[in-house]
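What the coordinates show
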Amino acid sequence: MTDHTTDFQPPIPTIPLFGQSWYERGFGYWTKRALISIALGLLLLLSVVFIWAVVATIIDKASSWPRIALVLLVTAGIAWSHYIGFKQVRARNINPTLNTAAGSAGLVTGAAAYGGSGLAGGLILLGQVFVVGWVTANFVYSLRRYVSPFEVRAVRQMQEWFTQHPELPNSQRPKQFQK
């Protein structure tokens, strides 16, 4: 009688931040996933609080027409930021080879303001308005099944490998790759 179990293992790709832990999806993997989501959630909260504080202060001091114009501009900027942020993060997850630099203008503006430029300090709001959508998109995508485009690519490679090796029994496959 022939033993149908095999002892060979697939070539498991290593991905940034997770190494090979994504393959078995054990405690270390889920701990890193939770920390990434918490960090992005805190960054999102900080951005929203900052935008709210600056806009509320300006609205409190402005007269009626500038107040309306500011609210409309900020709302349009946040909406545009979310549209672009979700579009870029989705595209990056569909095609992991894409390299998008979303939100870099806002981050540079914040760095310039920290350096002491008064004009750049006034533009922090503008930068945050355009960064918040990218942060929101990354936070939402961190809660999905696969956290990064590298993991999506690695899972696709493994699915292809398991398709080419149907003789490998389910007992030797991680749960996510079982038949």
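Our subject is the structure that appears above.
Here is a short report on the structure shown in this document.

Mapped onto the elements, Ile-94 comes out in helix 3 (residues 64-94). Since its relative accessible area comes to 46%, Ile-94 is described here as partly exposed. When the C-alpha positions of Ile-94 and Pro-149 are compared, they lie 7.3 Å apart, and in sequence the two are 55 residues distant.

Taken together, the side chains of Leu-35, Ile-38, Leu-42, Leu-45 and Val-49 make up a nonpolar region of the molecular surface, amounting to roughly 510 Å² of accessible area. With respect to the helices and strands, the residue Leu-35 is situated in helix 2 (residues 27-61).

A full pass over the atoms with the stated rule returns 9 aromatic pairs. Here the aromatic cluster, defined as three or more aromatic residues joined through ring pairs, consists of Trp-22, Tyr-23, Trp-161, Phe-162 and Phe-177.

Another aspect to go through is helix 7 (residues 149-164). Counted at 1.5 Å a residue, the expected span for helix 7 with its 16 residues is 22 Å, and the 23 Å between its end C-alpha atoms agrees. The complete set of buried residues in helix 7 reads Pro-149, Glu-151, Val-152, Ala-154, Val-155, Met-158, Trp-161 and Phe-162. Looking at the buried positions of helix 7, the neighbouring elements they touch are helix 1 (21-24), helix 2 and helix 3.

Membership of the largest hydrophobic core comes to 15 residues, with the highest contact counts inside it found for Trp-22, Tyr-23, Met-158, Phe-162 and Phe-177. Among the elements of the structure, helix 1 and helix 7 are those that each provide at least two residues to this core. In terms of residue count, helix 7 provides more of this core than any other element does, 6 residues in total. In terms of nonpolar packing, the next biggest core, distinct from the first, is built from 9 residues, Ile-51, Val-55, Val-131 and Val-132 among them.

We now examine the side chain of Ser-142. On the secondary structure map, Ser-142 appears in helix 6 (residues 124-142). For Ser-142, the contacting residues outside a window of four places in its chain are Arg-33, Ile-36, Ser-37, Leu-40 and Val-147.

Another point: the pattern of salt bridges. One pass over the structure, following the stated rule, counts 1 salt bridge. Across the pair Glu-151 and Arg-25 runs a salt bridge whose closest N-O atoms are separated by 3.8 Å. Placement of the pair is Glu-151 in helix 7 and Arg-25 in the loop between helix 1 and helix 2, with a sequence separation of 126 residues. Residue classification places Glu-151 among the buried residues on the basis of a relative accessible area of 0%. Overall, Arg-25 belongs to the buried group, its relative accessible area being 15%.

For helix 3, spanning 31 residues, the distance from its first C-alpha to its last is 45 Å, which sits close to the expected 45 Å at 1.5 Å a residue. For helix 3, the set of buried residues is Leu-70, Val-74, Gly-77, Ser-81, Gly-85, Val-89, Arg-92 and Asn-93.

Here we come to the packing of helix 2 against helix 3. One way to put it is that helix 2 packs onto helix 3 with a least axis distance of 9 Å and a crossing angle of 160°. On the basis of the axis angle, helix 2 is roughly antiparallel to helix 3. Regarding helix 2 and helix 3, the two cross each other, and that crossing is right-handed. Note on element contacts: helix 3 touches helix 2 through Arg-67, Leu-70, Val-71, Val-74 and Ile-78, opposite Ile-51, Val-55, Ile-58, Ile-59 and Asp-60. Along the lines of polarity and charge, the residues of the contact of helix 2 with helix 3 split into 8 nonpolar, no polar and 2 charged.

Attention now moves to the packing of helix 3 against helix 7. Closest axis-to-axis distance for the helix 3/helix 7 pair is 8 Å, and the angle between their directions is 25°. If you check the angle between helix 3 and helix 7, you find them roughly parallel. The two elements helix 3 and helix 7 cross, and the hand of that crossing is right-handed. Packed against helix 3, whose contacting residues are Arg-92, Asn-93 and Ile-94, the element helix 7 presents Pro-149, Val-152 and Arg-156 at the interface. Per-class residue counts for the contact of helix 3 with helix 7 are 3 nonpolar, 1 polar and 2 charged.

Each value, and the rule that gives it
Residues numbered from 1 in each chain as written. Predicted model: local features only at pLDDT ≥ 70, side-chain atom pairs only at ≥ 80, totals over all residues. Heavy atoms only, no water. Helix = DSSP H or I, 4+ residues; strand = E, 2+ residues; numbered from the N terminus. Buried < 20%, exposed > 50% of the residue type's maximum accessible area, 1.4 Å probe, protein only. Patch = residues over 30% accessible without salt bridge, like charges linked within 9 Å, V, L, I, M, F, W, Y side chains within 5 Å. Areas by Shrake-Rupley, 256 points an atom, 1.4 Å probe, with all protein chains shown as cover. Salt bridge = Lys/Arg side-chain N within 4 Å of Asp/Glu carboxyl O. Phe/Tyr/Trp six-rings, centres within 6.5 Å; stacked < 30°, edge-to-face > 60°. Expected span 1.5 Å × (residues − 1). Contact = heavy atoms within 4.5 Å. Core = buried A, V, L, I, M, F, W, Y, C linked by side-chain atoms within 4.5 Å. Axes fitted to C-alpha atoms, helices over the stretch in contact; angles between N-to-C directions. Parallel < 35°, antiparallel > 145°, perpendicular 65-115°, else oblique. Left-handed = near helix turned anticlockwise from the far one by under 90°. Nonpolar A, V, L, I, M, F, W, Y, C, P; charged D, E, K, R; others polar.

Worth remembering: the numbers are spatial, not functional.
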